Amino acid sequence: MDRIENPWGERTPYGPGERWPERVDQHLADGLGDAGVDRWVRSASILHSNGDALDIAVKDGRIAGVRGRATDRVNHGRLDPKDLYGWQANNSPDRLTRPLVRDGGRLVETDWDTAMDRVVERSRALLDGPGGWGHFGFYTSGQLFLEEYYTLAVLGKAGIGTPHMDGNTRLCTATSAAALKASFGTDGQPGSYTDVDHCDAIALWGHNVAATQTVLWMRMLDRRSGPNPPAMLAVDPRTTPVAREADVHLAIRSGTNQALLNGLLRQIIHKGWYDSGYVAEHTIGFDELAGVVDAYPPARVAEICGVAAADVERAAELIGTAERLLSTVLQGFYQSNQATAASCQVNNLHLLRGMIGRPGAGLYQMNGQPTAQNTRETGADGDLPGMRNWNNPHHLQQLAELWNVDEMTIPHWSPPTHAMQIWRYAEQGSIKLLWISATNPAVSLPELDRVRRILANRDLFVVVQDIFLTESAELADVVLPAATWGEKTGTFTNVDRTVHLSEKAVDPPGEARSDLDIFLDYARRMDFRDRDGRPLIPWTGPEEVFEAWKACSAGRPCDYTGMTYEKLRGASGIQWPCHAGAPEGTERLYTGGVFNTDPDYCETYGQDLSTGAEFSADEYRAKEPAGRAFLHAADYRPSPEVPSDEYPLLLTTGRTVYQFHTRTKTGRAPELNAAAPDAWVELHPADAEPLGIADGDLVEVSSPRGTIRVHARIGGVRSGVVFVPFHYGYFDVDPDKRVPRAANELTLTAWDAVSKQPIYKVAAVRVTAVPDGRE
Amino acid sequence: MHLAHYLGLLHRAQGNLAEAFRRVGEAHGDEPDVALLCEQQAQVCDRHSERLSPFAERYSEEAPDEPDRLHSELFRGTRTGGIGLLRDLQDLYLMAAECDICWTVVGQAAQGVRDRDLLGVVTTCERETTIQLQWLRTRMKQAAPQALVVAG
């Protein structure tokens, strides 16, 4: 079957409680058969967040294909089309193979010593003097390996001592972490992917799973085509494949999630569809929640959200009467206004209905990127490693002892500096060295004109570590060529806490080095020492770092102490927590209804959902959580940017199934790039017609931040809302011929008060026809 | 009965705080979170003022002349830059703290006159003022090291 034509492949139907049938997907280089493969090397996908296990085919020292691993708990052999074809990017002729440094305004090739000396010389000068730590910002990714993040976290927190560390995970998964912490006390997904096998209803909240995690969607579709299929609810302003499949589709106006959820919870409470015993025993805050949501009857919700009141009632009945409800949440909630508040309402739904911690009653606060979970766990996103609470002196002390450093060195005096604030400090000039690893902010951050201006400022020393000369690398002072998936060894963890080992299959091209080796080299050259004068970071390879990480994770929710590389080479995929008491891992969290909210254990003392105000330890203790979960309530507030006469439409951004992130890899895989070669804008016919715009016309989309020129597609989205995919930048266009087409030329610099995740889904724009724009 | 004077003091303090939130938000538009939350909190203050108005009227009939030096002026305009932001947020903090203690005093008086309606308003608004203080403290804690130790 052509997996470009049909990204989800053939159906393998199954019924509730049955094992999902295997289906092995494979793609090899042209002319290569199984018999010609030299060897298969164990790995998993890093082109989306599903964590699909696969084996890499090696032929003559090069990657020559992939095959899904049938025995793995996550994918049962299936692969996403991005995995089937995306590996070709590894062999792309324009890989970075030597370090580059800026000389006379141009990037020129050099050797590693010269490049690293420049970085170290600048670092030493900046560290010299009080507050030197504050000149450093580290902006990493959701695409490195656990070992790399942990090394970066130790280097940043205990070596330099800076709180200015975050990743592009802030853009994709920060709300997931914030909502889990707020409701359950710590990060950590309660559910398991096997909940799809058992559920009788699936609710997808702002989650176009058909494009973002295709293998998870295959599992859902296989249930839908088998006996006793689960009912399905989709909440999305777009007519996605998920929306078309769903029994109830609420195409709500962008930015109104909180109003919808308040209305649905009101119905659940009014109709008596909640489990009062579970609520009384395992939660705090019911009365306040019931009071707040009472102001959202279906008619009011219908008015705010722009949907029919009857559909709100149907949706409430679907989720209110299910016996095994599975919810998944993603960017439609995370990248909208009131992101954390709305995502917490989904947690509330499951708490009210007692739908947590048993087969089929699952909750996935999804991740956007393949290794985002590890960015969060290790603290490369600024959190303290091991899901520790920055405000808890005992947690700080544990890290100081583990690393044998003065606890004053470890930044703990306020919440970590989130990505958008890091960029603000860089703009203001107090951050003077910005180290970007494995991500491309010049395409992925909001308001790109501003981002380019910051990167281009000569007073900011920019280090970019990547595998290609990205739009961001073009503006760097030093570019470090990195190895990628298949060229290095390490572990990573998916949404349902499944850990995979990804082994080195081939050597990286030219002088490229693994991100781990680059960080270790920097630590060595900077000569970071512990309290006894020994090297702070003594590790030489990934397995040593993994062992060190295990010690850091001991006793915390993400406990890895029961795993080894050897064990990960055995049964495919192990879910944390995995320790002496659960040596084979743990399928579901909170099975006994006891949550991680104990004051000595929790990851946060809580925040006010409307402002992000931090509560103190005393305030938290006074709530006496005692293992109960929090039901958080919040009124609906309109988005910071709403339509006006000048900008009458709402822009939402998102993905196509064929591309990932900023196309750095998928744009170099011929089949994927041919399937989705250029950006576009989707308009509802009722919005297009008065503007004189027909399908295929070249149009301009403008916001107060910028203008892009793309072709129109009519349909696929509700009226009043337009959609532009966010993948498309400029790397594959000659610099003289670049026409603005990146969605983030338009988006605004604004973020959720709690998770600090930028608001990509709600910006006011206008669309205009381009004269002679019809071909 | 002097309750009307304290209601007047609180009413004016809420109005001043709303105005100050708006001016600080506009002055620091390059800090999007500050701009957004200042406007949001100005609206909270507006609502507090509205809810106080009927009580100020109800008790004004029984009030003697306003005593001297009742009102204070805590806000004299915005500043620029990293330390400027910190000082502006500190002004807001002190103004919110004045509102906070006024709510406590008015709440005590409401107990004294056995006015359940006023007590209900105080309970709600006092909580919202506490959130304002907590947010300002959180934001200042974040900004202080960079503004005072790192920035040149």
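All values derive from a computational prediction rather than experimental measurement. (Residues numbered from 1 in each chain as written. Chains lettered and ligands numbered in written order. Predicted model: local features only at pLDDT ≥ 70, side-chain atom pairs only at ≥ 80, totals over all residues. Heavy atoms only, no water.)

Re a nonpolar patch on the surface
Using the following cut-off: Without a salt bridge and with relative accessible area above 30%, a residue can belong to a patch; like charges are then joined within 9 Å and nonpolar side chains (Val, Leu, Ile, Met, Phe, Trp, Tyr) within 5 Å. Working definition of accessibility: Shrake-Rupley area with a 1.4 Å probe, residue cover restricted to the visible protein chains. One side-chain nitrogen of Lys or Arg within 4 Å of one carboxyl oxygen of Asp or Glu is enough to make a salt bridge. Each helix corresponds to a stretch of at least 4 residues labelled H or I by DSSP, and each strand to a stretch of at least 2 residues labelled E; elements are numbered beginning at the N terminus.
On the surface, Y6(B), I101(B) and V105(B) cluster together to form a nonpolar patch covering roughly 240 Å² of accessible area. For I101(B), the location among the structural elements is in helix α3 (residues 81-112).

Side note on the sheet that holds strand β3 (residues 53-59) of chain A
Residues and elements named next belong to chain A. The condition is simple: Two strands qualify as a pair provided DSSP detects at least 2 bridges between them. Inter-axis angles, ranging from 0 to 180 degrees, are taken between N-to-C directions of lines fitted to C-alpha atoms, where helices are fitted over the stretch in contact.
Strand order in the open sheet formed by 4 strands is β1-β4-β3-β2, and the pairing between neighbours is antiparallel. Two strands in the sheet have a free side with no partner beyond their single neighbour: β1 (26-28) and β2 (39-44). For this sheet, the mean inter-axis angle between neighbouring strands, taken without regard to orientation, is 25°. In the sheet, β1 pairs with strand β4 (residues 62-68) via 3 bridges, with the strands oriented antiparallel. When the sheet's bridge partners are listed, L28 is paired in β4 with G65.

Brief notes about the packing of helix α2 (residues 32-60) of chain B against α3(B)
All names here are of chain B. To keep it simple, the criterion reads: Relative orientations are named as follows: roughly parallel for angles under 35 degrees, roughly antiparallel for angles over 145 degrees, roughly perpendicular for angles from 65 to 115 degrees, and oblique for any other angle. For any helix crossing, the convention is left-handed if the near helix is rotated counterclockwise from the far helix by under a right angle, and right-handed if that rotation is clockwise. The criterion used for residue contact is that any of the two residues' heavy atoms lie within 4.5 Å. Here the term charged refers only to Asp, Glu, Lys and Arg, the term nonpolar to Ala, Val, Leu, Ile, Met, Phe, Trp, Tyr, Cys and Pro, and the term polar to all other amino acids, Gly among them.
Taken N-terminus to C-terminus, the directions of α2 and α3 make an angle of 20°; their axes are 13 Å apart at the nearest point. Classed by the angle they form, the pair α2 and α3 counts as roughly parallel. In this structure, α2 crosses over α3, and the sense of that crossing is left-handed. Touching V34, C38, H48 and L52 of α2 are L85, L89, L92 and W103, all from α3. The class makeup of the residues in the contact of α2 with α3 is 7 nonpolar, 1 polar and no charged.

What about the pattern of salt bridges?
All names here are of chain A. Using the criterion set out here, one finds 65 salt bridges over all chains in the structure. Ionic pairing is found between R98 and E109, a salt bridge with its closest N-O pair at 3.5 Å. Of this pair, R98 sits in the loop between α1 (81-86) and β5 (100-103) while E109 sits in strand β6 (residues 106-109); the two residues are 11 residues apart in sequence, bridging distant segments of the chain. Put simply, E511 and R98 hold a salt bridge, and the shortest N to O gap is 3.2 Å.

Details of the domain arrangement of chain A
Residues and elements named next belong to chain A. Keep this limit in mind: The domain limits used here are those given by an automatic or database domain assignment. When two parts are brought into contact, each loses some accessible area as probed by a 1.4 Å sphere; the total of that loss over both is the buried area.
Domain boundaries in chain A define domain 1 (100-165 + 379-567), domain 2 (174-367 + 596-630) and domain 3 (649-769). Contacts between the two partners involve 32 residues from domain 2 and, on the opposite side, 21 residues from domain 3. Interface area, domain 2 with domain 3, both sides summed: about 2,100 Å², of which 54% is carbon and sulfur. For the domain 2 face of the interface with domain 3, the top three residues by lost area are R238, S254 and Q335, together amounting to 31%.

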